[in-house]
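An overview of the molecular structure
For reference, the chains in residue letters:
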Amino acid sequence: MNIHEYQGKSILIKYGVKVPAGEVAFTVEEAKQAAKKIQNETGVSTWVVKAQIHAGGRGKGGGVKLAKSMNDVEKLAKDIIGMQLVTHQTGSEGKKVHKVLIQQDVYYPGESSIDEYYMSILLNRSSGKNIIIYSTEGGMDIEDVAEKTPHLIHREEVDPGVGLQGFQARRIAYNLGLSGNAFKEMVKFTQSLYEAYIGSDASLVEINPVLKTSDDQIMAVDAKITLDDNAMFRHRDYEEMRDLNEEDPAEVDAGKHNLNFIKLDGNVGCMVNGAGLAMSTMDIIKLSGGDPANFLDVGGAANAKTVEAGFRIILQDPNVKAILINIFGGIVRCDRVAEGVIEAYKAIGNITVPVIVRLQGTNAEIAKELIDNSELEVLSAITLQEAADRVKEVFA
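First, a word on scope: everything that follows refers to the structure included in this document. Since the model is a prediction, treat every value here as computed from it, not as a measurement.

**Structural notes on the pattern of salt bridges**
- Throughout the structure, instances matching the rule amount to 23 salt bridges.
- A salt bridge links K99 to D243; its shortest N-O distance comes to 2.7 Å. In this pair, K99 sits in the loop between β5 (95-96) and β6 (100-104) while D243 sits in the loop between β12 (224-227) and α7 (249-256), placing the two residues 144 residues apart along the sequence.
- Between R242 and E247 there is a salt bridge whose closest N-O contact spans 2.8 Å.
- Among the charged side chains, a salt-bridge network with shared partners connects E5, K9, K50, R58 and D222.

Written out as C-alpha cells, the structure is:
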C-alpha cells in the first residue's frame with residue numbers, strides 16, 4: 001500500500017528518524033494555520049508547500065514550491081490544491097492534488113555546508129536479504145546518477161536474521177564521506193531508518209534527499225514509503241492511511257469483491273481463477289495477436305456474483321475489444337461456472353464485445369454444452385489452443 005509523504009514521516013518519527021516540522025492541509029485556510037503553527041514551534045519564516053500525491057517527480061512537475069511569506073503560503077496552496085499534477089510517474093493524464101504538506105524550510109539562507117544524500121531500503125529478492133542503497137548524489141536527479149554514474153551508488157546488504165550491524169551503519173557513513181558529529185548522526189539515522197523499515201513491515205523506504213545541515217543534523221527531507229499489504233493485520237492503525245483517491249477506481253471496485261485486479265494497457269480483458277493461470281492466459285493473448293488489458297484473478301470459488309463483478313470491472317475499460325474467461329474447474333465444477341457466466345451475461349446485458357469462455361476440468365464438456373446452447377454471443381473452448389484460436393478469430 002502506498003502512503004503519502006506526510007504519513008510516511010509520521011511513521012519515521014515513531015522510530016526516531018529526524019524530519020522537518022510539517023502539517024498536512026486540505027484547504028488554503030488550513031495551510032495558513034499550519035504555517036503559523038510551524039513558525040511558532042520553530043521560529044522559521046519560510047516554508048515549503050508540497051503537493052501530496054502517490055508519485056515521484058513532484059518538484060519537477062511544479063508541485064513543490066518555496067514560500068517566503070505568509071502571502072506566498074496562501075497563494076501557493078491555492079495554486080497547488082486542486083491542480084492536475086503531471087510527473088514522469090503519473091503519465092500524461094496526471095493526478096489531482098487534494099492536499100498539501102506545509103513543511104519547515106530547512107535550507108537555511110546563505111549556508112554552503114548543506115549536503116544532500118540518497119538512501120532507500122528494500123528487499124533484494126535474488127539474495128533474500130534486505131538492501132540499503134545509498135549515494136552522495138541525493139536530490140531530484142538520482143535517476144540520472146544511477147544511469148550515468150553508477151559507481152556513485154553504494155549498496156549494503158543486511159541479513160534479516162541478525163539485522164543491521166553497527167559496523168555496517170558506520171561503513172555507510174564513511175562511504176558518504178562524513179566525519180565527526182555528522183558521522184555519528186548518520187549512523188543513528190541509518191539505524192533508525194532500518195528499524196522503521198522493519199517495524200512498519202514496509203516493502204520500500206526511500207528518502208531523497210537525506211539532508212546534512214550546517215550544524216551536522218541528519219534528517220529526512222522527503223519520504224516515500226510503501227507498506228506490505230500482507231502485514232496489515234499487524235498494523236490496523238495503518239489502514240486509515242489508505243487514500244482511495246490515489247488508486248485506480250477499477251482496482252478499488254475489484255477489492256470490494258475480493259478480486260485481484262491490475263489494470264494494463266491492452267485490448268483483451270481476461271478473467272481467470274489462479275495467478276499462475278492468469279499469467280499463462282496473458283501469454284496466450286500476446287501469442288494470438290492481442291494485448292492483455294488486465295490481470296484479474298477471481299480466486300478458486302468463481303460463481304455468478306464474482307463473474308458478474310469481473311465482467312463489469314473489465315467493461316469499464318473502453319480499450320477492451322474482447323474478453324477471455326479462462327477457468328480451471330478444480331475446486332469448483334465447470335458447469336457451475338458456466339451457469340454463473342450465463343447468469344452474469346444476462347444480468348449485465350448489452351455486452352458489445354466478443355466473449356470467449358474456456359473451461360477445463362471437472363464437467364468441462366457439460367459446461368461447453370451449456371455455453372453453446374445458451375443462445376448468447378459467447379464463444380466456447382476447452383483447450384488452451386482452442387482459446388488461442390478464438391482470440392485470433394476476433395482480431396483476424
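**Some thoughts on the pairing of strand β18 (residues 378-381)**
- Where strand β17 (residues 355-361) and β18 come together, 4 bridges link them in parallel fashion. Its bridge partner being in β18, I356 is matched across the sheet by L379.
- Viewed along the sheet, the connection from β17 through helix α11 (residues 364-372) into β18 turns out right-handed.

**Here's the deal with the state of the cysteines**
- With the rule as written, the count across this model stands at 0 disulfides.
- Here C270 stays free of any disulfide, with the sulfur of C334 as its closest cysteine sulfur at 18 Å.

**Section: the nonpolar core**
- Within the largest apolar cluster, 38 residues are counted, with the highest numbers of intra-cluster contacts made by L12, M186 and F189.
- Looking at this core, the elements that each hand over two or more residues are α1 (5-14), β7 (115-124), β8 (129-135), α5 (166-175), α6 (180-199), β10 (202-212), β11 (218-220) and β12.
- The element best represented in this core is α6, accounting for 8 residues.
- In this structure L12 touches V17, V19, L193, A196, I207, A220, A223 and I225, once residues within four positions along its chain are discounted.

**Brief notes about empty space enclosed by the protein**
- In total, this model carries 1 cavity of 30 Å³ or more according to the counting rule given.
- Roughly 30 Å³ of volume is contained in the largest cavity.
- Surrounding the largest cavity, V357, L359, A364, A367, K368, I371, S380, A381 and I382 form its lining.
- Looking at the lining of the largest cavity, the elements with two or more residues in it are β17, α11 and β18.
- Tallying contributions element by element places α11 first for the lining of the largest cavity, with 4 residues.
- Tallied by class, the residues present in the lining of the largest cavity amount to 7 nonpolar, 1 polar and 1 charged.

**Some words on unusual backbone geometry**
- Of note, the amide linkage connecting N208 to P209 takes the cis form, showing an omega dihedral of 10°.
- With respect to the element layout, P209 can be found in strand β10.
- Although it is not a glycine, D201 adopts a positive phi angle of roughly 55°.
- Within the secondary structure, D201 is located in the loop between α6 and β10.
- Judged by relative accessible area, which is 17%, D201 ranks as buried.
- Positive phi is not limited to glycine here, since D216 has a value of about 65°.
- Relative to the assigned elements, D216 resides in the loop between β10 and β11.
- Judged by relative accessible area, D216 falls into the partly exposed class, the value being 23%.

**Points about helix α3 (residues 70-80)**
- When we look at burial in α3, the residues that qualify are V73, L76, A77 and I80. One side of α3 carries all its buried residues, which in axial view fall inside an arc of 100°. Opposite the buried face of α3, at more than 90 degrees from it, the exposed residues are N71, K75 and K78.
- Along its buried surface, α3 packs onto α2 (28-42), β2 (47-51), β3 (64-67) and β6.

**Quick notes on the sheet that holds β2**
- The 4 strands are arranged β1-β6-β2-β3 in an open sheet whose pairing can be described as antiparallel. Across the chains shown, the open sheet's two edge strands, defined by having one partner strand only, are β1 (22-25) and β3. Strand-to-strand twist of the sheet, defined as the mean angle between neighbouring strand axes without regard to direction, takes the value 20°.
- In this structure, β2 lies alongside β6, joined through 5 bridges in antiparallel fashion.

Each value, and the rule that gives it
Residues numbered from 1 in each chain as written. Predicted model: local features only at pLDDT ≥ 70, side-chain atom pairs only at ≥ 80, totals over all residues. Heavy atoms only, no water. Salt bridge = Lys/Arg side-chain N within 4 Å of Asp/Glu carboxyl O. Helix = DSSP H or I, 4+ residues; strand = E, 2+ residues; numbered from the N terminus. Pairing = 2+ DSSP bridges. Right-handed = clockwise from strand over helix to strand, strands pointing away. Disulfide = S-S within 2.5 Å. Core = buried A, V, L, I, M, F, W, Y, C linked by side-chain atoms within 4.5 Å. Buried < 20%, exposed > 50% of the residue type's maximum accessible area, 1.4 Å probe, protein only. Contact = heavy atoms within 4.5 Å. 1 Å grid on protein atoms, 1.4 Å probe; cavity = no way out; pocket = protein on both sides within 12 Å on 5 of 7 lines; lining within 4 Å. Points joined across faces, edges and corners; volume = space filled by probe spheres on them. Nonpolar A, V, L, I, M, F, W, Y, C, P; charged D, E, K, R; others polar. Arc of directions from axis to C-beta. Axes fitted to C-alpha atoms, helices over the stretch in contact; angles between N-to-C directions.

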